[in-house]
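Each chain, letter by letter, is given below.
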Amino acid sequence: MKFGILGTGMVGATIAKKLAGLGHDVRVGSRTRTADNVTFAEAASFGDIVFNCTKGSALRAVLEAAGPANLRNKILIDTSNPLDFSKGGMPSLFTDSGDSLGEQIQRALPETKVVKSLNTINCNIMVDPKRVAGGDHTVFVCGNDADAKKNVSELLGGFGWKHIVDLGDITASRGVEAYLLLWLRAYGALGTADFNVKIVR
Ligand SMILES: NC(=O)c1ccc[n+]([C@@H]2O[C@H](COP(=O)([O-])OP(=O)(O)OC[C@H]3O[C@@H](n4cnc5c(N)ncnc54)[C@H](OP(=O)(O)O)[C@@H]3O)[C@@H](O)[C@H]2O)c1
């Protein structure tokens, strides 16, 4: 399958490497084309499925550069978080509690099937859940399109995820993005990003 990755940071690079290792064709998009990367528009156009792995605060610029037409009728997996580092110290969220980046993307791209996932986990665990507790922990998906979430869940299964919780429509992005406030505290307390949560009942 053909995947476009928007983002050249740790997340984009890690997911791109994993997908290539699984035999998929991958193009990684950036603001500027280099020997290693294509542009955001080229990556969006190339992928049958596209990942958003860009800085949360850059969302508007990224979507404009990627081009809504290049993402029409496609699944866009959003891994981003609305972290505001500008005030120093612990970051806060720059979105209102009644909104989220997942919803902003879905509103901006009504003909794209946005699925929020993987944003609650460090990138190394995203593609290798066994790294922690033998893989016995939870990844979330949410989005408005049931088939898109099913496809994304199958893809996550290929990454090694066994415990995938569907939180419902894209408004559930509010919860998984706000979880970052807890994630950052846990990171500080534990001194490692190699951790995750598990939903039990
Ligand atoms: N790091 C993790 O393990 C982790 C885990 C979960 C979720 N996340 C979330 O995943 C996303 C990616 O994180 P990351 O650490 O890999 O990288 P990042 O540094 O947050 O983002 C890098 C990407 O954002 C683009 N970008 C930055 N400023 C921009 C601007 N003004 N206009 C357009 N594009 C801009 C960069 O473009 P260029 O390629 O042109 O430089 C680059 O592709 C973030 O939203 C983060 O919160 C990260």
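Our subject is the structure that appears above.
Keep in mind that what you see is a predicted model, and the values were worked out from it rather than measured. (Residues numbered from 1 in each chain as written. Predicted model: local features only at pLDDT ≥ 70, side-chain atom pairs only at ≥ 80, totals over all residues. Heavy atoms only, no water.)

Student: Help me understand the pairing of strand 8 (residues 113-117), please; the structure alone is not making it clear to me.
Tutor: In terms of burial, strand 8 is largely enclosed, as four of its five residues are buried. Of the strand pairs in this sheet, strand 5 (residues 75-78) and strand 8 are connected by four bridges, and their pairing is parallel. When the bridges of strand 8 are listed, I77 appears paired with V115. Relative to strand 9 (residues 138-143), strand 8 runs antiparallel, the two being bridged by three bridges. Directly across from K116, in strand 9, lies its bridge partner C142. (Buried < 20%, exposed > 50% of the residue type's maximum accessible area, 1.4 Å probe, protein only. Helix = DSSP H or I, 4+ residues; strand = E, 2+ residues; numbered from the N terminus. Pairing = 2+ DSSP bridges.)

Student: Would you explain the packing of aromatic side chains in this entry?
Tutor: What characterises a pair of aromatic rings is the spacing of the ring centres plus the angle enclosed by the ring planes. Taken as a whole and assessed by the stated rule, the structure comprises three aromatic pairs. An angle of 40° between the planes, with centres 6.2 Å apart, marks the rings of F3 and F51 as tilted. In this pair, F3 sits in strand 1 (residues 2-6) while F51 sits in strand 4 (residues 49-52), placing the two residues 48 residues apart along the sequence. The burial state of F3 is the same as that of F51; both residues are buried. Considering the side-chain rings of W183 and Y187, the 5.1 Å spacing of their centres and the 20° angle between planes classify their relative orientation as stacked. With W183 and Y187 both in helix 8 (residues 173-190) and four residues apart, the pair spans about one turn of that helix. The ring of F46 is capped by R27, whose NZ or CZ atom sits 4.1 Å from the centre of that ring. (Phe/Tyr/Trp six-rings, centres within 6.5 Å; stacked < 30°, edge-to-face > 60°. Lys NZ or Arg CZ within 6 Å of the ring centre and 35° of its normal.)

Student: Is there a simple way to explain helix 5 (residues 101-108) in this structure?
Tutor: Of all the positions in helix 5, only L101, G102, E103, I105 and Q106 are classed as buried. Buried-residue contacts for helix 5 involve strand 4, helix 3 (59-66), strand 5, strand 8 and helix 8. (Contact = heavy atoms within 4.5 Å.)

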